[in-house]
Amino acid sequence: MKIQLQFKNIVDDPRCRILINDQVLFAGITQPQHAFDVDASEGACRLTIVHHDKAPEHTIVENGIIVRDRSFELERCVIDGYDLQELVWHSQFVADDGAVYNSCLFFGPNGEFQLDFENPALRWILRTRHEKNNNDPYWAEDYESYVRACRLLNKSI
Amino acid sequence: MALPVTAQMLTLHKQLAWMIAARNVPDFYQSRDQVQHLYQGSQAIRDDLILHKVNHALGRNSWQHANNLTYFKQDFAPWLQEHSSSCITGLEQYQPNFSAGTTQAFDSFYFRHRARRFRCFVGEYFYHLKTWLSNNVNWSFITPSDPLVAGDALVISAPFCDTGSMHPDYDSVIAHCNRLGIPVLVDACYYVISGGVNLDVTAECIDTVAFSLSKAFPVANLRIGMRYTRTAVFDGQSLHDAINYNNTLSAQVGNMLIRNYSSDYIYNHYREQQLEFCNAMEIVPSDSVLFAVGNNNWDEYNRSNLLQQYQLTLDSALFANRICLTSVFEHWDLFELLKNENTITV
């Protein structure tokens, strides 16, 4: 499984760990782009992005206003070449203090972003979009046809 | 030739479409889009050797020669007549003009007969319908309750656009038009992809016969065609022709094509494959080698997408399920592979 992550508004070298299930893919200073080739089995997967090592001094407040804050934002998540687009909002951020923020792509406090999906991602994307929008009744048939075609062509999905 | 009918076979054409699309484009969504349109339209086969020759001709930098047009005009009718299984009777009665595909000939015909009511059969080329509808032209389909009458002008494709084979009523309709003095445009753009066609254009009512190379060769964007009109016609298109004010580059490529490939080349080259595919899919081969006519299993490949593209609000059920085989010919190895996968014998 190929995963590409794109971050924006990266302020003051925030530290993160990126995991698929329990497999750590990256640990270090958050970069604008990350790309991974992951050996993941079929079925349920969780993408976790942990924001850590942020200390109180990383937030500078003047006159009650935050003027600088170590943080970053997730801009784009692409799995196996498919941009999750709106599906990236089907996620949550669990802060270290226990607060849960649904659909939060902003990494301000320490805590972890969690996105549950399935491998193969394309199948999950099609099914989830149809469940949400009810506009793609033939998604399963089309997906099976595509997979079979790719298999016969020796092409990755 | 045994052809076991299985449930799997019913979707073989669909699986082939997915394979062709998955080979052509990188992801699922683009593949799905291509699958939906794969058997539609009427584009020429993108044969690598022909494309190479076209590119070579374009690179020769001899497009300025006005003789390109003269030669093309002079050689086109003899080229047509060399067809080994089809023939045209009466074309010598007409004067030739270079034409930007058949389309320029259509526009000239519409304008010359603008005072008449335009008529065509259901299934005719959508360009006519689009032009007439968008310009508030008086027109209607030919139906039993609304037959051709004096004062009409008829456009008919031969072979017929809806199926790629001759319209079953072609002869009787032409005879009827002759009796009533109804001018006729014969759109023969499928002639050079067809076989076994006897096209008689001797009737006096036929005012224009139009041909194009766009269906036979991958040069649609070069707009290479010929228009044949009665000698009394001298319109804007004739004028441009008379003063060599036409596309010499297109004529140059046209000359190269008709010198290198006979008018039956495409038909003869792909006919066997067309028959094999149609046999495997249980669809009816057209006289035009690029087409077949499918039954209800092929409804999803009807012309609803094209109607949408032309912004025409006509019921797609009015039209035959004309299947375009161009992509199949271009990816014949995939058909072979799938055939073996499904153990189909043909």
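Keep in mind that this is a model prediction, so the values were computed, not measured. (Residues numbered from 1 in each chain as written. Chains lettered and ligands numbered in written order. Predicted model: local features only at pLDDT ≥ 70, side-chain atom pairs only at ≥ 80, totals over all residues.)

Some remarks on helix 6 (residues 103-112) of chain B
Point 1. Looking only at helix 6 of chain B, the buried set comprises Q104, A105, F106, S108, F109 and Y110 of chain B.
Point 2. Residues of helix 6 of chain B that are buried sit in contact with strand 2 (95-99), helix 7 (126-134), strand 6 (184-187), strand 8 (206-212), strand 9 (225-229) and helix 9 (236-242) of chain B. (Buried ≥ 20, exposed ≤ 12 C-beta atoms within 10 Å, placed from the backbone. Helix = DSSP H or I, 4+ residues; strand = E, 2+ residues; numbered from the N terminus. Contact = placed C-beta atoms within 7 Å.)

Re the domain arrangement of chain A
All names here are of chain A.
Point 1. Along its sequence, chain A is organised into domain 1 (2-119) and domain 2 (120-157).
Point 2. Summarising the inter-unit geometry, the C-alpha centres of domain 1 and domain 2 are found 27 Å apart.
Point 3. The partner domain 2 presents eight residues to the nine residues of domain 1 that form the contact.
Point 4. Here the element with the most residues in the side of domain 1 that touches domain 2 is strand 13 (residues 111-119); it accounts for three residues.
Point 5. Residue classes in the side of domain 1 that touches domain 2 are distributed as five nonpolar, one polar and three charged. (Domains from an automatic or database assignment. Nonpolar A, V, L, I, M, F, W, Y, C, P; charged D, E, K, R; others polar.)

Considerations on the interface of chain A and chain B
Point 1. Listed by partner, the interface residues are eleven residues for chain A and twelve residues for chain B.
Point 2. Residues of the side of chain A that touches chain B, tallied by class, amount to six nonpolar, two polar and three charged.

Focus on the environment of A232 of chain B
Point 1. Within the element layout of this structure, A232 of chain B appears in the loop between strand 9 and helix 9.
Point 2. With 7 C-beta atoms counted inside 10 Å, the residue A232 of chain B sits in the exposed group.

Thoughts on unusual backbone geometry
Point 1. Residue P120 of chain A follows N119 of chain A across a cis peptide bond; omega there is 10 degrees.
Point 2. Of note, P120 of chain A is situated in the loop between strand 13 and helix 1 (121-133).
Point 3. Note that the residue after A158 of chain B, namely P159 of chain B, is joined by a cis bond; omega there is -5 degrees.
Point 4. Take P159 of chain B: it is sitting in the loop between strand 5 (152-157) and helix 8 (170-180).
Point 5. Phi at N9 of chain A takes a positive value of approximately 50 degrees, unusual for a residue other than glycine.
Point 6. With respect to the element layout, N9 of chain A can be found in strand 1 (residues 2-11).
Point 7. Taking the C-beta count within 10 Å as the criterion, N9 of chain A has 11 such neighbours and is therefore assigned exposed.
Point 8. A positive phi angle, close to 55 degrees, is found at Q311 of chain B, a residue other than glycine.
Point 9. Relative to the helices and strands, Q311 of chain B is located in the loop between helix 12 (304-309) and strand 12 (321-324).
Point 10. Given 10 C-beta atoms within 10 Å, Q311 of chain B falls into the exposed group.

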